[in-house]
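# Understanding the architecture of this molecule
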Amino acid sequence: STHEHVTEPMSVLIVEPNPAVGNQLRAVSVTVARTALCLDFSGARDALYSFHPQVLITNLRLEDYNGLHLVLLSRMLEAPPRALVHTDRPDFLLTNEALAMGAFFERTERLPYCLLAFLEAELPPEDRRNPAQPDRRQVPRGGRRVPLVSIATSKPKSWKAATRSSSSWSKGSPPVHTTNG
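The notes below deal with the structure included here. (Residues numbered from 1 in each chain as written. Predicted model: local features only at pLDDT ≥ 70, side-chain atom pairs only at ≥ 80, totals over all residues. Heavy atoms only, no water.)

## Concerning the overall build of the protein chain
Helix and strand content of the protein chain: five helices and 11 strands. In the protein chain, buried positions account for 34% of the 181 residues. Sequence separation of at least 24 residues holds for 54% of the intrachain contacts in the protein chain that already meet a minimum separation of 6. Carbon together with sulfur atoms contributes 54% to the accessible area of the protein chain, which is approximately 12,200 Å² in total. (Helix = DSSP H or I, 4+ residues; strand = E, 2+ residues; numbered from the N terminus. Buried < 20%, exposed > 50% of the residue type's maximum accessible area, 1.4 Å probe, protein only. Contact = heavy atoms within 4.5 Å. Areas by Shrake-Rupley, 256 points an atom, 1.4 Å probe, with all protein chains shown as cover.)

Here is the structure:
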């Protein structure tokens, strides 16, 4: 008889106080992992010890506590899970603390789109991105930026050449004025 080695699916604990966001993340996670969803810190704390997740995904903001408390608790487990902290309100200091604890960090609005890659990828032991650098993924990409040029007159029959640059994709941004000559 042939014995097949059956691998246990990955286990993921999602901690999200907003049920809509939590259900959205769970819908992605269940495609590749056993997934538990907790809406608060106390439920998540208990799940850390009973569910034994391999991956902890937590919102940074959890009412009286924050997700970093859970990351810290998870680091005391015999097999600490890989942690991912997310938030919709960036906080440079808390992001640095999360990275110092070895957690990965992501913006909440991006998480449903990158969660599957996070769960399936062979990642380094910790997030190596620099939170002080702006995230280029947040910048909208447009087509080629073509400056609009206009010639202004200050007096009749006296031309003053000026260029007025503005991008067609950035409506609402103040125009940049430059003068030639």
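Next, the rest of the story.
## Section: the pattern of salt bridges
Opposite charge on two side chains allows them to pair when their charged atoms are near. Under the criterion given, the structure shown has five salt bridges. Among the salt bridges present, the one from aspartate 88 reaches arginine 89, with a minimum N-O distance of 3.6 Å. For arginine 89, a relative accessible area of 49% puts it in the partly exposed group. (Salt bridge = Lys/Arg side-chain N within 4 Å of Asp/Glu carboxyl O.)

## Remarks on the pairing of strand 1 (residues 10-15)
Strand 1 sits mainly inside the fold: five of its six residues count as buried. Inspection of the sheet shows strand 1 paired to strand 2 (residues 33-38) by six bridges, in the parallel sense. Paired with serine 11 across the strands is arginine 34, a residue of strand 2. Traced from strand 1 through helix 1 (residues 19-29) to strand 2, the parallel crossover comes out right-handed. The pairing of strand 1 with strand 3 (residues 55-59) spans four bridges and is classified as parallel. Within strand 3, the residue paired with isoleucine 14 across the bridge is isoleucine 57. (Pairing = 2+ DSSP bridges. Right-handed = clockwise from strand over helix to strand, strands pointing away.)

## A short note on helix 5 (residues 111-120)
Turning to helix 5, its buried residues are Leu111, Pro112, Cys114, Leu115, Phe118 and Leu119. Seen from one end, helix 5 has its buried residues packed into an arc of 155°, which puts them on one side. For helix 5, the exposed residues set more than 90 degrees away from the buried face come down to Tyr113 and Glu120. (Arc of directions from axis to C-beta.)

## Digging into the sheet that holds strand 1
Taken together, the five strands give an open sheet; going across it, the order is 2-1-3-6-7, and neighbouring strands pair in parallel fashion. At either margin of the open sheet sits one strand with a lone partner, and together these are strand 2 and strand 7 (104-107). Put simply, the sheet's adjacent strands are angled 20° from each other on average, direction ignored. Two strands pair when backbone bridges link them, and strand 6 (residues 82-87) and strand 7 are joined in this way by four bridges, in the parallel orientation. Note that in strand 7 the partner of threonine 87 across the bridge is arginine 107. Across the face of the sheet, helix 1 comes into contact with strand 1, strand 2 and strand 6 while running at roughly 170° to strand 2. (Axes fitted to C-alpha atoms, helices over the stretch in contact; angles between N-to-C directions.)

## A few points about the packing of helix 2 (residues 41-50) against helix 3 (residues 67-74)
Running from N to C, helix 2 and helix 3 cross one another at 15°; their axes reach a closest spacing of 11 Å. Judged by the inter-axis angle, helix 2 sits roughly parallel to helix 3. Considering how the two elements wind past one another, helix 2 and helix 3 form a crossing that is right-handed. Along the contact surface, helix 2 presents Phe41, Ala44, Arg45, Leu48 and Tyr49, while helix 3 presents His69, Leu70, Leu73 and Ser74. Grouping the constituent residues of the contact of helix 2 with helix 3 by class yields six nonpolar, two polar and one charged. (Parallel < 35°, antiparallel > 145°, perpendicular 65-115°, else oblique. Left-handed = near helix turned anticlockwise from the far one by under 90°. Nonpolar A, V, L, I, M, F, W, Y, C, P; charged D, E, K, R; others polar.)

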